[in-house]
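Take a look at the letters that make up each chain.
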Amino acid sequence: MTTDAARGFASLAVHAGQDFDPTTGAVIPPVHFSTTYAQDGIGGLRNGYEYGRSGNPTRTALQTQLAAIEGGAHALSFASGLAAEDALLRALLKPGDEVLLGNDVYGGTYRLLARVLAPWGVGLRVVDMSDLDEVRAAVAERAPRIVWVETPSNPLLRITDIAGLAAIGHEVGALVVVDNTFATPALQRPLALGADVVVHSTTKYLGGHSDVVGGALVLGDDALAEQIGFLQFAVGAVSGPLDAWLTTRGIKTLAVRMQRHSENALAVASLLEGSSRVARVYYPGLESHPGHALAARQMSGFGGIVSVALESGEAARRFAESTQLFQLAESLGGVESLVNYPDAMTHASVRGTDAAVPVEVVRLSVGIESVDDLLADVEQALTR
Ligand SMILES: *Cc1c(COP(=O)(O)O)cnc(C)c1O
């Protein structure tokens, strides 16, 4: 029953790729640490397994699960989100090609393109992807090889119309890539909306417990999957077996976690919106959010990230240092609530650029703790 596409999302998340062990009946498939596989005569491989970089059954189980939950024919897992991005970009780009990038993508994505790939001759243009007229104008000027978007974006939670963007990109022959780290497939399925490739930092919600770094690509195209698979093998940034297993375990509870993250985040966003000390709340679940109607159409929940602008940079710093249950740390998507001051933490590398985050903004990754405790913590931090 591993990949029965007729099953619901939560069933796929629990079962896809997770067949019990045929030799013992163990309900949880074992973690395979072996780096090499005995051959039945030279070249006589069992199920294609030969060496740990080229293939590992625990990684295969994760990839099967990832493909099922995103609704793609193929998934490939990597040692980090950026390793996944690197494999995808190198499979697609050659010198002279250009990437059209959203203006508030993950800072590391911008850095990979601007500082690693640009010196090899890859072009980069940055636009506000949530403004489809701007995107239309940009692709008409020059056709990019890739259109790359994050929606909701980080940390300002802008919402881009994926189906609309895919249509614009495909008209000029571009490949449309959606980083689905924030929404996760529990809330948004970009491939079904017309995107070509989904990117994940599984470090965040998919792993879900802030205890494993990883990344993944999910896609439908057989030839591109083969090219990326070749790079996964030839370059070697694969997920280790324990990393793959932890990620698989995290994904099994993704549906319930995202539901609770979304409920708690809406409660926190609503509290913030009602405070006189708050200048602006960024959360697509609020009716005041400019992308609310689009998010309601394109997503089945609004996710766990809330950003808030306080009255000043100083007030924002004070707030970020005053929460107690929300721990001050980088990253997001774990069961525990975190607070981040983007200008000096996650987005310090884009300070002073087009992608800079306003100094008044604080980002909250709302966890799955008791909502009353989260609200009390935010309230006390606001009064500091
Ligand atoms: C964290 C993150 C990445 C990078 O992933 P790593 O696992 O840290 O390499 C990419 N995109 C988004 C949206 C992220 O949040």
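Above this note sits the structure.
Presented here is an overview of the structure given in this document. (Residues numbered from 1 in each chain as written. Predicted model: local features only at pLDDT ≥ 70, side-chain atom pairs only at ≥ 80, totals over all residues. Heavy atoms only, no water.)

## Quick notes on the packing of helix α9 (residues 254-273) against helix α12 (residues 371-382)
Here is step 1: At a minimum axis separation of 10 Å, α9 and α12 run at an interaxial angle of 30°. What the angle tells us is that α9 and α12 run roughly parallel. For the pair α9 and α12, the crossing hand works out as right-handed. Mapping the contact onto sequence places Asn-264, Ala-267, Val-268, Leu-271 and Leu-272 in α9 and Val-371, Leu-374, Leu-375, Val-378, Glu-379 and Leu-382 in α12.
Here is step 2: Per-class residue counts for the contact of α9 with α12 are nine nonpolar, one polar and one charged. (Axes fitted to C-alpha atoms, helices over the stretch in contact; angles between N-to-C directions. Helix = DSSP H or I, 4+ residues; strand = E, 2+ residues; numbered from the N terminus. Parallel < 35°, antiparallel > 145°, perpendicular 65-115°, else oblique. Left-handed = near helix turned anticlockwise from the far one by under 90°. Contact = heavy atoms within 4.5 Å. Nonpolar A, V, L, I, M, F, W, Y, C, P; charged D, E, K, R; others polar.)

## Here we look at the site of the ligand
Here is step 1: Ser-80, Gly-81, Leu-82, Glu-85, Tyr-106, Glu-150, Asp-179, Thr-181, Ser-201, Thr-203, Lys-204 and Gly-214 make up every residue found near the ligand.
Here is step 2: Within the backbone of Leu-82, an N or O atom sits 2.9 Å from an oxygen atom of the ligand.
Here is step 3: A distance of 2.6 Å separates an oxygen atom of the ligand from a polar atom in the side chain of Lys-204.
Here is step 4: Within the complex, 93% of the 380 Å² of free accessible area of the ligand lies under protein.
Here is step 5: Per-element tally for the shell around the ligand: the top contributor is helix α3 (residues 81-92), with three residues. (Near = heavy atom within 4 Å. Polar contact = N/O pair within 3.5 Å; in protein donor to acceptor, adjacent residues only side chain to side chain. Areas by Shrake-Rupley, 256 points an atom, 1.4 Å probe, with all protein chains shown as cover.)

## A look at the side chain of His-292
Here is step 1: With respect to the helices and strands, the residue His-292 is situated in helix α10 (residues 292-298).
Here is step 2: Look at His-292 and you get buried, because its relative accessible area is 17%.
Here is step 3: A polar atom in the side chain of His-292 sits 3.4 Å from the backbone oxygen of Leu-286.
Here is step 4: Residues in contact with His-292, not counting those within four places in the same chain, are Pro-284, Gly-285, Leu-286, Glu-287 and Phe-302. (Buried < 20%, exposed > 50% of the residue type's maximum accessible area, 1.4 Å probe, protein only.)

## Focus on the sheet that holds strand β4 (residues 146-150)
Here is step 1: Strand order in this open sheet of seven strands is β1-β7-β6-β5-β4-β2-β3, and the pairing throughout is mixed. The two strands at the open ends of the sheet, each matched to only one other strand, are β1 (74-78) and β3 (123-127). Each strand of the sheet is rotated relative to its neighbour by a mean of 20°, with strand direction disregarded.
Here is step 2: Note that β4 and strand β5 (residues 175-179) share five bridges and pair parallel. Across the sheet, residue Val-149 finds its bridge partner in β5, namely Val-178. (Pairing = 2+ DSSP bridges.)

## Brief notes about the side chain of Arg-363
Here is step 1: Looking at where Arg-363 falls in the secondary structure, it is placed in strand β12 (residues 361-365).
Here is step 2: Here Arg-363 is buried and forms no salt bridge, its nearest opposite-charge partner Glu-330 lying at an N-O distance of 6.6 Å.
Here is step 3: A distance of 2.8 Å separates a polar atom in the side chain of Arg-363 from a polar atom in the side chain of Asn-154. (Lys, Arg positive; Asp, Glu negative; His and termini not counted. Salt bridge = Lys/Arg side-chain N within 4 Å of Asp/Glu carboxyl O.)

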